[in-house]
Structures are given as C-alpha cells and as structure tokens.
Amino acid sequence: MCGIAVVVCGVRIELSTLSSFLSETETPFERLQVSVEDVKSVLGQRGPDSVGEKTIHLRPNVSTCGQDSVTLSVSEASEGTYKLEETTSLGELHFIGSTLQLRGTSPIRQPLVDFSGNILAYNGEVFGGIELNSYDNDTEVLLKSLEKAKALVPDVLSMIKGPWAIIYWQETSRTLWFGKDAFGRRSLLVHWPTVEDPRFLLSSVSPASSVAQGLDTENGNSIHRFWEELPCGVYSISFGVSELCIRGEVRKHEWRNTIWKELIEWERKLVVPRPEDLSTSSHSGIQEDKSVSTSLGFAQTVLVVLKESVRRRTSLHSIYQGEKEAVPVAVLFSGGLDSMILAALLDQCLDSKYEVDLLNVSFDGPNAPDRISARAGIKELKKIAPLRRWKLVEIDADLSKLTFETERVMSLINPADTYMDLNIGTALWLAARGDGWIHEDNENPNVEEDKQRVKYKSDARILLVGAGADEQCAGYGRHRTKYGNGSWVALDQEMKLDMQRIWKRNLGRDDRCIADNGKEGRFPFLDEDVIKTLLDIPLWEIADLEQPSGKGDKKILRQVAKLLGLHEVAKMPKRAIQVRRGELSERTQLQKPVKLKALYCVLSPLSLTIVWTLVMVFSLDRESLVNQTGRILEVTVPQTRLLPGA
C-alpha cells in the first residue's frame, strides 16, 4: 500500500466538462489550512518504507514575436524551495509519494521520474493486463508502459487488472493524468478548486487539518467538506496559457476495455427463474438431482476463480520482504463464511512454511459473537489443513479507552462521517494494527485464562478482506427485505445498486483505515474475474431467499464452503462486521475526551416511527434493523453526522 498526492496551485482549473460528475453545490466551508507537511505526514503512515516528493513549475513563456506565441515552459524546482500559496506568479505541481513496498527485489522511492521527465505516483497492484514477471516491481513496469504509450494513457490504464489509484505527469503533452480503477478499490480523494481555496489537490487520505469543524446548526447540515471521493475513472488536466494566465482543462475519459463497461453496468442476464429452475420438495427426484448437480457446477466454477484471485493476491508474485522475513499475509477473520473461505483458499495458495495470522477484533472479550465464531472457525480450519500453523490473533478493544483510536479513525474515514462509518472503520483499523494476543500453545483456544495467552503483533503487510461478498451474493438483511417486497427483480436491482456505489460507501473508507497501519487490504471477492463469473450465474443460483437465514442467503458461497470441507460454517447465519454499532454510538455521545459535536444524536420520533414500521411490516431481523437504522441516521436525520470539535 502506498500513499500518493499532488497539490496544484497558480493554475486556473476549468471544470465545466465535469459538471455531470461533480457534487451539488453545498454551503461554503470554513477556511482550512492544508500544508504539504500535513499531507506528507499522513501519507507516511500508509507508506512507512519511504516518503518522497517532486516539484515542477509552469511558466508562461512569451516569445519576442508577440502574444500569439505564448507557450508553457516547465522547470524543475530546487529541493526545498517550493511555496504552497494560493496566489503565485508560477503554476506549481507538488507530487508526494510514500511507499509500502510489496513487489520487486530492491527498494524504490516514489514518486518515480524517468529520463523523459515523466513523474509517476502509484498506489495499486498490477495482477494482470500488463506483462511482468514474479520479481518485477509493478510501479516501475507501469512507468515504462506509460512512457511508451505517449497519448494512449487511458489505453494502458484500462488494461490493468487489479486495484489502483494513479497520479501521472506526462512531460511531452504537459498533461496531468489521474484516476482510480473501475470499482474504486484504492482511495483517492479530491479537492476541486473553490473560491475559498482555489488549489487543486489529490490525496490518498485526508490530513486531520482538512476535516471541517462543527455543524451548520441552523440548517442541520454538516459544513461543506474539503475533500470528496474521486469518482472512478481516468481523468486528465491539460495545461496551457491563455491571456498570460496558466489554465488547466479537466476531462474524464472513457474506459478503452469493454470489460470495464460491462462490469460497471452490472447487468445480469438471468434474473427471474422458471418454476423448473428452482429445487423444491415438489420436484421429482430426477429434477431435483439435476438442479443440485447444476448448482454444484456453478459452485465449482466460483471456487476455481476465487482460488485464482487469492493466488494473485498472495503467491503469484514474489512479496518483498526486505531484511526481515515475516508472515506475509493475514486474514481479517470473524470465523464467518467469507473469512473462512478466504483462509482455506489462502492455505492452498501460500507456501506451507508460512504461518497464517487470523485477525479477530472483539469489543466484548471472549463473549463477543465474532470471538466465539472465530474460535470455532480455527478448529474447523485445523481439520482441513492440519499442517498449517494458524494463529488466531485476539484483538481486544476496551470501549472506555478508545479516545485516540476514535479521533484517528474519524480523520481517516473523512469524507464519510456517519456512526456506521466510524464503527466499521474502527474495527478495520484495530484489525490492521494486528496488536493482540495468541494462545501460547495454540492448541486449546477455548481456554480463557490470561496466563495461557501471550502478547503478539502481526507483522503481515497484506490483509485479505471479504469485502464484496455480501453485495454480490445477497448477504445483507435488506436483500431479503427487497426480495420479500418485489421478488427477484427487486433483489437484482438492490444488488446492482450496492455494487455501483461500493466505491463511495465502502472501499475508499476501508482502504484508508487499513492502510494507516502500513498494511495493504486486498479484496479477493472484488477480483475482475470473480465479479464477472458471479454476474454470469443465474440469480437463483447465487441466493435463494425463500430459504431461511444460514441457508438461502449467499447460497453459492455456502456451497463453495462445503466443497472446501467447511461444513459447519456453511450453515452459519450472516452477521455484520458492525455488531457494536449501537454500543459505540452511545459511548461516543457520552465520552467528553472524544470531543464530538453532534446535534440530536438520538433518532427523531419520525425516524423511530419509520424503523418500527419496517419491523412490523417486513418482520426485519436484528441485522436488518441495524442496517435500516444506520441508513435512517444518515438520510433522515443528517444531524447525526460526526464532526470533530474544536
């Protein structure tokens, strides 16, 4: 995981071509001071191996022939001479890159600069599309590919398989390219120029200094955010001179590879089953056997592509170890269906000499449901993979002592600002830190005495996360509700909505919270081939929500688990990661050291009415109630958004 940023000042940025992509105008924010040092500091958390920077100046170059010959010259700034001011006689581009090195055989320092003067700051992985061998550093290979491509930058970026965010200065065309992959699996925040701050900024994460203070109490809305999530895609700013003023025109480019357009549109061909497609007790034995055989065939297909996805993310390419060889990969582990499948597949892909860290967060010690299921899960993993040394890392969090963590995570989740985001972000941040306990003999994890446990901190730099499984396989309580109200078509549309907004609601936040500990989150369920395979499978083979929870939801993944020998977890009902949502929400309202300003931090009578109506009409289970309440907190009562105090 790396951190990348660029600060552009002294340039008049033209945004008219992006009007359909930009957020609606909001209340102007208070003046915030965002310095290069702030950005460097926060990016350093993401890339602890090195932090570098590069500055270039843009200058109108008027020839003696007259103003018609005004051109733009580019000069490299001397190190340490840059000034980050809003008004300057020069245009200035200041690039920053931090590195968590996971590829290659020798250390690199970002941003990279080639002999042609091109500058690359890259945060991502190339798992395919561009040819490289096991020991290549993908950032170096990508820079060479971009230099050869000349004006065809979108073509190169459209070839990449894997998560990425990029900032690239193309010297010959005086163009700044930037963007992120089609599903937004890597964070890239943008500050578009405003009257209050006319600079253009991109950064993997926001410094604490750029988080707005307080609330607009008169209107009940949070003050306009300094940052927003950059929508997925490839963008460019072409620089030129007009009336002796340096101008930059922003454009958004189309994906050159048709596969991205297909996956983004997320149109499933087979949504509504025929009666004979469903396996029920009314079917004849022959029909039912055929249906079971068909379902197993689909499950086998998913298993193959999912295993290859895990292999790409763990063992296909050599993992850079530096001077110290450590456990290379860990799993964010609840003991639930998704994390158990990932752990089992990791065992099949990873060299047997390595241990596997299973990172489990609990806010209620050994009594938390996730801790109980994790301990049961490691027993089942030992049955199918007895030669692997599994380490269940028990990360215990005390809610009364989370002041620092809460303030830190509030900055990381920005521009997200709901309690749901805070709670999920805190769990991810603690898991990625990997600071917990393991059982000394690792033989009896059910023994709870402290003397049986020893302190342990996971050094794994790669963290496998199950993001995307619920969205694609109907794992949320709201999916069951949609199906109950509108059957298969409504379910399909809800899943499509989930996938098309996952970049904004989940992945940027998750990336920032995990990476802050110098770790890289990798999402096997969001591999391009996995997404396409699941989308090609009939919806009724993905899930059968006529069946009870623990059977019909994520039906196809339950079949995959059985194929892996994970029969117990295949029957386990779904639980959300944010199981402590209500707990922490209540605590953060009451803890003074956290210094939260929130207006009406309880549900309004109208919202409560809506919640109870949902319960009575749709008979929502607890998980659905929590999900729907979270959405009401976000949509119906905007006053519950989080913002740090003075």
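Here the structure is a predicted model, which is why all the values come from computation and not from measurement.

Participant: Would you mind going over unusual backbone geometry with me for this structure?
Facilitator: Working note: non-glycine residues mostly have negative phi, and peptide bonds are mostly trans. Following Gln110, the chain continues into Pro111 via a peptide bond in cis, with omega recorded as -5 degrees. Asn414 connects to Pro415 through a cis peptide bond whose omega is 15 degrees. Looking at the element boundaries, Pro415 is found in the loop between α8 (403-413) and α9 (419-433). The backbone phi angle of Arg174 is positive, close to 55 degrees, even though this residue is not glycine. Looking at the secondary structure, you find Arg174 in the loop between β8 (164-170) and β9 (175-180). We classify Arg174 as partly exposed; its relative accessible area is 23%. Even without a glycine there, the phi angle at Ala474 is positive, about 60 degrees. Within the fold, Ala474 resides in the loop between α10 (469-473) and α11 (477-515). Accessibility expressed as a relative area gives 1% for Ala474, which makes it buried.

Participant: Even after reading the chapter, I still don't get the packing of α9 against α11, so can you show me in this structure?
Facilitator: A pair of packed helices can be characterised by two numbers: the angle between their axes and the separation between those axes. The N-to-C vectors of α9 and α11 enclose an angle of 40 degrees; their axes lie 8 Å apart at closest approach. Between α9 and α11, the interaxial angle falls into the category oblique. By crossing handedness, the relation of α9 to α11 is classed as right-handed. Contacts from Asp421, Ile424, Gly425, Leu428, Trp429 and Ala432 of α9 reach α11 at Arg505, Arg509, Asp510, Cys513 and Ile514. In the contact of α9 with α11, the residues fall into six nonpolar, one polar and four charged.

Participant: Would you explain the sheet that holds β9 in this entry?
Facilitator: By definition, the strands of a sheet pair up through backbone hydrogen bonds, in either a parallel or an antiparallel sense. The sheet built from seven strands is open, its strands ordered β2-β16-β15-β9-β8-β7-β6 with mixed pairing. In this open sheet, the two edge strands, each paired with only one partner strand, are β2 (12-14) and β6 (112-113). Here nine bridges tie strand β15 (residues 233-242) to strand β16 (residues 245-253), and the two strands are oriented antiparallel to one another. If you follow Ser242 over to β16, its bridge partner there is Cys245. Where helix α2 (residues 138-149) meets the sheet, its contacts fall on β6, β7 (119-124) and β8, and the angle it forms with β7 comes to roughly 130 degrees.

Participant: What is the right way to look at a nonpolar patch on the surface in this model?
Facilitator: A cluster of nonpolar residues, Val292, Leu296 and Leu563, forms a patch on the protein surface that exposes about 220 Å² of accessible area. For Leu296, the position within the fold is in helix α5 (residues 285-314). In this structure Leu296 comes out as partly exposed when scored by relative accessible area, which is 39%.

Participant: Can you help me understand helix α7 (residues 369-384) in this one?
Facilitator: Note: α-helices contain 3.6 residues per turn, so residues at a spacing of three or four share the same orientation. Between its first and last C-alpha atoms α7 spans 23 Å; for 16 residues at 1.5 Å apiece the expected length is 22 Å, and the two agree. Burial in α7 covers these residues: Asp370, Arg371, Ser373, Ala374, Arg375, Gly377, Ile378, Glu380 and Leu381.

Participant: Just checking my understanding: could you explain the nonpolar core for this structure?
Facilitator: Grouped burial of nonpolar side chains is what soluble globular proteins tend to show. With 136 residues, the main nonpolar core has Leu142, Leu146, Ile166, Ile341, Leu358, Leu381 and Ile542 as its most contacted residues. Looking at which element gives the most residues to this core, the answer is α9, with ten residues. Core analysis: the second largest hydrophobic core is formed by 28 residues, Phe95, Ala121, Trp192 and Phe200 among them.

Participant: Please clarify how the pattern of salt bridges should be interpreted in this entry.
Facilitator: Charged atoms that come close allow side chains of opposite charge to pair. Summed over the entire model, instances satisfying the criterion amount to 48 salt bridges. For Asp338, the salt bridge identified is with Lys554, shortest N-O distance 2.8 Å. Highlighted residues: Asp338 in helix α6 (residues 337-349) and Lys554 in the loop between α13 (539-542) and α14 (555-563), separated in sequence by 216 residues. Lys554 carries the same exposure label as Asp338, and that label is buried. We note a salt bridge from Glu494 to Arg478, for which the minimum N-O separation is 3.4 Å. For Arg478, a relative accessible area of 11% puts it in the buried group. Each of the salt bridges in this network shares a partner with another, and the network as a whole consists of Lys161, Glu308, Arg311, Arg312, Arg313, Asp527 and Asp529.

Participant: Whenever I open this one, the confidence of the model for the protein chain confuses me. Can you help?
Facilitator: When pLDDT is low, close inspection of the predicted coordinates is not appropriate. Summing up the model confidence of the protein chain, the mean pLDDT is 80 and the portion of residues at 70 or higher is 74%. The low-confidence segment residues 213-223 (pLDDT under 50) makes 34 contacts with residues lying over four places distant or belonging to another chain. Within the model, pLDDT remains below 50 along residues 447-451, and this stretch shows five contacts once partners closer than five positions in the same chain are excluded.

Participant: What should I look at first to understand the pairing of β9 in this one?
Facilitator: Within a regular beta strand, the side chains point alternately toward one face of the sheet and then the other, so they alternate between its two faces. The buried fraction of β9 amounts to six of the six residues, a majority that puts the element mostly inside the structure. Residues Thr175, Trp177 and Gly179 point to one face of β9 and Leu176, Phe178 and Lys180 to the other, with burial holding for every one of them. Note: β8 against β9, six bridges, orientation antiparallel. Bridge pairing links Trp169 to Leu176 in β9. Here β8 folds back onto β9 in antiparallel fashion, the turn holding four residues, of which Arg174 has a positive phi close to 55 degrees. As paired elements, β9 and β15 share six bridges and run antiparallel to each other. Within β15, the position partnered with Trp177 by the bridge is Ser236.

Procedures and definitions
- Residues numbered from 1 in each chain as written.
- Predicted model: local features only at pLDDT ≥ 70, side-chain atom pairs only at ≥ 80, totals over all residues.
- Heavy atoms only, no water.
- Helix = DSSP H or I, 4+ residues; strand = E, 2+ residues; numbered from the N terminus.
- Buried < 20%, exposed > 50% of the residue type's maximum accessible area, 1.4 Å probe, protein only.
- Axes fitted to C-alpha atoms, helices over the stretch in contact; angles between N-to-C directions.
- Parallel < 35°, antiparallel > 145°, perpendicular 65-115°, else oblique.
- Left-handed = near helix turned anticlockwise from the far one by under 90°.
- Contact = heavy atoms within 4.5 Å.
- Nonpolar A, V, L, I, M, F, W, Y, C, P; charged D, E, K, R; others polar.
- Pairing = 2+ DSSP bridges.
- Patch = residues over 30% accessible without salt bridge, like charges linked within 9 Å, V, L, I, M, F, W, Y side chains within 5 Å.
- Areas by Shrake-Rupley, 256 points an atom, 1.4 Å probe, with all protein chains shown as cover.
- Salt bridge = Lys/Arg side-chain N within 4 Å of Asp/Glu carboxyl O.
- Expected span 1.5 Å × (residues − 1).
- Core = buried A, V, L, I, M, F, W, Y, C linked by side-chain atoms within 4.5 Å.
- pLDDT = per-residue confidence, 0-100.

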